[in-house]
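Report on the structure
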Amino acid sequence: MPATMVSTPPEAERPQSPAKPLLDVVDLKTHFPVRTGVLQRITGWVKAVDGVSFNIGKGQTLGLVGESGCGKTTVGRTLLRLIPATEGTVTFEGRNVLEANAKEMRRLRQQMQIIFQDPAGSLNPRMRISAIVGEPLEVHGLIKDKAELRHRVEELLERCGMPKAAADRYPHEFSGGQRQRIGIARALALDPKFIVCDEPTSALDVSIQAQIINLLTDLQSEFGLSYLFISHDMAVIQHVCKEIAVMYRGKIVEHGQREQILGEPRHDYTRSLLSAVPEPDPRSERKRVVFSGGAM
């Protein structure tokens, strides 16, 4: 007999940051049209994000976890308006991101950045590292002197564990972990307050994953950064995040502090994710929880 499903807690019960949140997301929806036929008429909608709400305080990390295709990445990109939202509100430092005009959005983009999942695909192979990391500073007109720009790029690379000489090389000359460090340096260039970390370790070896996680943790402590940390790996999420939101089919089905989510999960989908975390002791036995879907 299948386990009894536990209903999603009402929105009023979701954890609230003790202070005024840096980012507040309310009932965010992102739907994509399904077009069929010769005339490509809209015959349906894919509800990639379907009523998601959460907030993130200053210097805090929210882990957004779920299987591939559940809508995690779409949430992160919608927050930054890389993908248009269908409904909902996104408030950053009291400003409505989804209603901001081009001038306001330009200012907001200095404060809100993203680290992409694929460190190779996110770096232009025809540009030197100095141009890749320095491009945000040039686009926003923050540094115009070439010598000062070069110095700033070298500072960013060194802070992210890369040598100064890396500035003169191309992305293909580096390993996956090094490319991700370069991507992190680029995200830091504008001194942001909030960064979407879109599965930043999923394409890396386990040993390199730990290095990148430690780097992100150190940068958060040093600069007071806030993260939305997106991952399908519960083991990574539980190591990085004190607050966790579990996403399934476009909705957040469980949201709480790490201790509650790991110790007393209320939703079968959360239990299934936790049971899939590898057990380091080969002698221990863990009962695998298989989630077959159903009501949320």
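Quick summary incoming for the structure in this document. (Residues numbered from 1 in each chain as written. Predicted model: local features only at pLDDT ≥ 70, side-chain atom pairs only at ≥ 80, totals over all residues. Heavy atoms only, no water.)

1. Some words on the sheet that holds strand 2 (residues 41-56)
Note: strands within a sheet are paired through backbone hydrogen bonds, in either parallel or antiparallel orientation. Here four strands make up an open sheet; going across it, the order is 2-1-4-5 and the pairing antiparallel. Whereas interior strands pair on both sides, the edge strands pair on one side only; in this sheet they are strand 2 and strand 5 (95-96). Examined bridge by bridge, strand 1 (residues 23-36) and strand 4 (residues 87-92) share five bridges and lie antiparallel to one another. Opposite V25, over in strand 4, you have V90 as the bridge partner. Relative to strand 1, helix 1 (residues 72-79) is tilted by about 115°, and along the sheet it contacts strand 1, strand 2 and strand 4. (Pairing = 2+ DSSP bridges. Helix = DSSP H or I, 4+ residues; strand = E, 2+ residues; numbered from the N terminus. Contact = heavy atoms within 4.5 Å. Axes fitted to C-alpha atoms, helices over the stretch in contact; angles between N-to-C directions.)

2. A closer look at the packing of helix 4 (residues 146-159) against helix 5 (residues 176-188)
How two helices pack is summed up by the angle between their axes together with the distance between the axes. In the contact formed by helix 4 and helix 5, the axes pass within 9 Å of each other and the chain directions differ by 125°. Taken together, helix 4 and helix 5 sit at an angle that is classed as oblique. In terms of crossing hand, the pair formed by helix 4 and helix 5 is right-handed. Within the contact between the two elements, helix 4 uses R152, L156 and L157 and helix 5 uses I182, A185 and L188. Partitioning the contact of helix 4 with helix 5 into residue classes produces five nonpolar, no polar and one charged. (Parallel < 35°, antiparallel > 145°, perpendicular 65-115°, else oblique. Left-handed = near helix turned anticlockwise from the far one by under 90°. Nonpolar A, V, L, I, M, F, W, Y, C, P; charged D, E, K, R; others polar.)

3. Section: helix 3 (residues 129-139)
Along helix 3, the residues classified as buried are I129, I132, V133, G134, P136 and L137. In this structure, the buried residues of helix 3 make contact with helix 4 and helix 5. Immediately beyond the C-terminal end of helix 3, within one or two residues, lies G141, with a positive phi of roughly 65°. (Buried < 20%, exposed > 50% of the residue type's maximum accessible area, 1.4 Å probe, protein only.)

4. Focus on a nonpolar patch on the surface
Residues F32, V34 and V46 make up a contiguous nonpolar surface patch of roughly 210 Å² in combined accessible area. With respect to the element layout, V34 can be found in strand 1. (Patch = residues over 30% accessible without salt bridge, like charges linked within 9 Å, V, L, I, M, F, W, Y side chains within 5 Å. Areas by Shrake-Rupley, 256 points an atom, 1.4 Å probe, with all protein chains shown as cover. Salt bridge = Lys/Arg side-chain N within 4 Å of Asp/Glu carboxyl O.)

5. Some thoughts on the packing of aromatic side chains
Per the counting criterion, the structure on display carries two aromatic pairs. Aromatic pair F92 and F194: ring centres 6.5 Å apart, planes at 50°, arrangement tilted. With a gap of 102 residues between them, F92 in strand 4 and F194 in strand 7 (residues 194-198) connect regions that are remote in the sequence. F92 gets classed as buried once you look at its relative accessible area, which sits at 0%. Measuring from ring centre to ring centre gives 4.7 Å for Y248 and Y269, while their planes differ by 40°; the resulting arrangement is tilted. Linking Y248 in strand 9 (residues 243-248) with Y269 in helix 9 (residues 268-275), this pair joins segments that are 21 residues apart in sequence. (Phe/Tyr/Trp six-rings, centres within 6.5 Å; stacked < 30°, edge-to-face > 60°.)

6. What about the sheet that holds strand 7?
Pairing is mixed in the open sheet, where six strands are placed in the order 6-7-8-3-9-10. Because the sheet does not close on itself, it has two edges, and the strands there are strand 6 (112-115) and strand 10 (251-257). The mean inter-strand angle of the sheet, taken between neighbouring strand axes irrespective of direction, is 20°. Direction of pairing for strand 7 relative to strand 8 (residues 226-231): parallel, over a ladder of five bridges. By the bridge assignment for strand 8, C197 is matched with F229. Where helix 2 (residues 102-111) meets the sheet, its contacts fall on strand 6 and strand 7, and the angle it forms with strand 6 comes to roughly 55°. Relative to the sheet, helix 5 contacts strand 6 and strand 7, its axis offset from that of strand 6 by approximately 175°.

Note that every value here comes from positions in space, so none of it alone points to a role or purpose.
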